[in-house]
Amino acid sequence: MKEMGILIAKGNTAEVFEYENHKVCKLFRTGYPREYVELEYRNAHVMYQEGLPVPMVYEIVERNSRCGIIYERVQGESLYNLFLQDREAAFEKFIHTQREFLKQESKELLSYKDFMMESMKRADFKGEDLIEKILKLPDGDSICHGDFHPGNVMVKADGTVVVIDFMNVCRGRWEYDVARTYVILSEVDKGVADEYLLKFDVEYEQIAEYIDIVRKYRKFELR
């Protein structure tokens with residue numbers, strides 16, 4: 001593996017380093033399962049092939065027993081910053097981009113129900129009521145980012161948007177992805193979450209069942 005540059009960012013599961021030729025390496029922490037890394041790689045490849053605004057993905061690499069994914073480097077700033085400068089413009093970019101994802105369909109991605117069930121199985125989750133509710137949800141093939149929030153949306157200097165972070169990508173109903181975003185936003189600011197639904201032109205009641213399931217699922221997902 002080629003030498004990496006400076007550390008750009010870090011999160012709970014990975015660190016992002018500069019890499020050669022306008023690329024970055026998302027290097028997952030020691031012990032992070034390779035199968036999860038491969039899942040993110042496949043998700044990123046599918047979305048790029050669908051023409052969605054995501055960085056090009058190159059390959060999976062290893063360094064000192066850690067797995068990494070080489071991505072195209074995105075030169076831009078988080079949409080969070082635009083929210084502070086121009087709230088209306090930020091919401092417009094945010095919602096338009098999420099709609100672009102949900103318009104696309106793919107059979108290659110993991111079903112959103114299977115995604116949740118597999119995650120609960122790995123965590124040895126015993127919530128039978130939650131499992132039953134998930135299994136009763138309708139199927140769907142829309143591309144759901146699964147973690148769509150302003151921190152995962154980058155804005156380039158020319159105003160174009162690029163979306164990052166693909167571990168939770170799956171296929172399913174649009175209601176699921178909108179509910180996920182609503183719950184994530186409401187964990188920070190319920191007023192922003194409510195404004196998001198209003199601007200998305202979705203009534204709370206339309207996604208209430210999904211919100212309930214996502215909130216219960218997030219409780220163990222975030223532990």
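Residues numbered from 1 in each chain as written. Predicted model: local features only at pLDDT ≥ 70, side-chain atom pairs only at ≥ 80, totals over all residues. Heavy atoms only, no water.

Caption draft 1: Local environment of the nonpolar core. With 60 residues, the main nonpolar core has Met47, Leu79, Phe94, Met116, Tyr176 and Tyr196 as its most contacted residues. In this structure, Met4, Tyr19, Leu27 and Ile70 belong to the second largest nonpolar core, which totals 7 residues. (Core = buried A, V, L, I, M, F, W, Y, C linked by side-chain atoms within 4.5 Å. Buried < 20%, exposed > 50% of the residue type's maximum accessible area, 1.4 Å probe, protein only.)

Caption draft 2: Representation of helix α6 (residues 174–186). Between the first and last C-alpha of α6 there are 18 Å, a value that for 13 residues agrees with the 18 Å anticipated at 1.5 Å per step. Counting buried residues along α6, 12 of its 13 residues qualify, which places the element largely inside the surrounding structure. If you check which residues of α6 are buried, you get Glu175, Tyr176, Asp177, Val178, Ala179, Arg180, Thr181, Tyr182, Val183, Ile184, Leu185 and Ser186. (Helix = DSSP H or I, 4+ residues; strand = E, 2+ residues; numbered from the N terminus. Expected span 1.5 Å × (residues − 1).)

Caption draft 3: Representation of the sheet that holds strand β2 (residues 14–19) within the structure. Overall, antiparallel pairing links the 5 strands, which are arranged β1-β2-β3-β5-β4 in an open sheet. Edge strands, defined here as strands with exactly one partner in the open sheet, are β1 (7–10) and β4 (57–63). Neighbouring strand axes in the sheet, compared pairwise and without regard to direction, differ in orientation by 25° on average. Of the pairings in the sheet, the one linking β1 to β2 comprises 3 bridges and is antiparallel in character. Following the sheet pairing, lysine 10 is matched in β2 by glutamate 15. Helix α1 (residues 34–49) rests against β3 (23–28), β4 and β5 (66–72) of the sheet, and its axis sits at about 165° to β4. (Pairing = 2+ DSSP bridges. Axes fitted to C-alpha atoms, helices over the stretch in contact; angles between N-to-C directions. Contact = heavy atoms within 4.5 Å.)

Caption draft 4: Quick peek at the pattern of salt bridges. Counting across every chain of the model gives 22 salt bridges. Among the salt bridges present, the one from arginine 66 reaches glutamate 15, with a minimum N-O distance of 2.9 Å. Within this pair, whereas arginine 66 is found in strand β5, its partner glutamate 15 is found in strand β2, the two being separated by 51 residues in sequence. With respect to burial, arginine 66 and glutamate 15 carry one shared label: buried. A salt bridge links aspartate 129 to lysine 133, with the shortest nitrogen-to-oxygen separation between them at 3.7 Å. (Salt bridge = Lys/Arg side-chain N within 4 Å of Asp/Glu carboxyl O.)

Caption draft 5: Broad picture of the side chain of arginine 218. Within the secondary structure, arginine 218 sits in helix α8 (residues 204–221). A polar atom in the side chain of arginine 218 sits 2.7 Å from the side chain of glutamate 187. Ignoring anything within four residues of it in the chain, the contact list for arginine 218 reads Arg180, Val183, Ile184 and Glu187. (Polar contact = N/O pair within 3.5 Å; in protein donor to acceptor, adjacent residues only side chain to side chain.)

Caption draft 6: Here's a closer look at the packing of aromatic side chains. For the coordinates displayed, the defined rule picks out 11 aromatic pairs. Plain terms: the ring middles of phenylalanine 28 and tyrosine 32 are 5.0 Å apart, the flat faces sit at 15° to each other, and that makes the pair stacked. The buried category is assigned to phenylalanine 28, whose relative accessible area is 1%. Residue classification places tyrosine 32 among the partly exposed positions, given a relative accessible area of 21%. Between the aromatic rings of tyrosine 32 and tyrosine 36, the centroid separation amounts to 5.6 Å while the plane-to-plane angle is 80°, which identifies the pairing as edge-to-face. An aromatic cluster of three or more residues is present, and its members are Phe83, Phe91, Phe94, Phe101, Phe148, Tyr196 and Phe200. Cation over ring: lysine 23 sits above tyrosine 58, and NZ or CZ is 4.3 Å from the ring centre. Between the NZ or CZ atom of arginine 99 and the centre of the ring of phenylalanine 200, over which it lies, the distance is 4.1 Å. (Phe/Tyr/Trp six-rings, centres within 6.5 Å; stacked < 30°, edge-to-face > 60°. Lys NZ or Arg CZ within 6 Å of the ring centre and 35° of its normal.)

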